[in-house]
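Residue strings, one per chain:
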Amino acid sequence: MDTNRKPGWVTAVAIIAIVLSGFGVMGGIQEALTPFMLDAQRADYEIMIEELNNIATESEQNLGPEEQQVTEMFKSFAGFLEKILDMPEWYLNWLILSGIISIFIHGFYLFAAIWLMQLKPYAPRFLAIALPLSIGFAITRITIAVQALDSMAMLMMAGTLVATSVEVILFIILLSKDKSAFRQFEA
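Calculation criteria
- Residues numbered from 1 in each chain as written.
- Predicted model: local features only at pLDDT ≥ 70, side-chain atom pairs only at ≥ 80, totals over all residues.
- Heavy atoms only, no water.
- Axes fitted to C-alpha atoms, helices over the stretch in contact; angles between N-to-C directions.
- Helix = DSSP H or I, 4+ residues; strand = E, 2+ residues; numbered from the N terminus.
- Parallel < 35°, antiparallel > 145°, perpendicular 65-115°, else oblique.
- Left-handed = near helix turned anticlockwise from the far one by under 90°.
- Nonpolar A, V, L, I, M, F, W, Y, C, P; charged D, E, K, R; others polar.
- Expected span 1.5 Å × (residues − 1).
- Buried < 20%, exposed > 50% of the residue type's maximum accessible area, 1.4 Å probe, protein only.
- Arc of directions from axis to C-beta.
- Contact = heavy atoms within 4.5 Å.

> Would you explain the packing of helix α3 (residues 89–117) against helix α4 (residues 123–149) in this entry?
How two helices pack is summed up by the angle between their axes together with the distance between the axes. Interaxial distance between α3 and α4 falls to 9 Å at its minimum, and their mutual angle equals 160°. Classed by the angle they form, the pair α3 and α4 counts as roughly antiparallel. As for how α3 packs across α4, the hand of that crossing is left-handed. For the contact of α3 with α4, the class distribution of residues is 24 nonpolar, six polar and one charged.

> What exactly am I supposed to notice about helix α2 (residues 68–85) here?
In an α-helix there are 3.6 residues to a turn, and that puts residues three or four apart on one side. With 18 residues, α2 should reach 26 Å at 1.5 Å per residue; the first-to-last C-alpha distance of 26 Å fits that figure. Taken together, the buried positions of α2 are T71, A78, L81, I84 and L85. Each buried residue of α2 lies within a common arc of 145° when the element is viewed along its axis, so the set occupies one face. Exposed and facing more than 90 degrees away from the buried side of α2 are Q69 and M73.

> For this particular structure, what's the right way to read the side chain of E31?
You can see E31 is positioned in helix α1 (residues 8–62). A residue is classified by how much of its surface remains accessible, and E31, at 9% relative accessible area, is buried. Leaving out residues up to four positions away in the same chain, E31 has contacts with L95, I96, S98, G99 and R141.

Here's what the structure looks like:
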């Protein structure tokens, strides 16, 4: 197939999908390893929490009302770290499973995006499977994170929310555009 005949939407969708799926694979690896990283870093986090609370306590006595905002920031960051360390055990187990599933879904998604760039005849069909899988799994991950971590989950899952929104747009583009460029082997 002549590369000059590749539609612009294919290149745009493929590049964005390659980036998002690559981040998805890396995020899946990180997510699967999160419980192990938390265990290894627990002592360091506890020291940080203690130091932040000490700084906040000392600062409260010496600062005026304007500087109290900085003190509140230290306290809220310490609370954020405490909440991370106090994740429910079931959620830590879910993170391992979720990370492994994410690696497979985003690995398939990555290959589908690469094949789309190469104008493989089956690429639109595979990407039309991979995108809803990624979107659905992201919504599942966000829902479970909110159950485990309350409002803090939205902060931790902000990147997933943005990526999911972009994937919805990519899916709509994929469904609505002409795919005649993928029929390269017809006589």
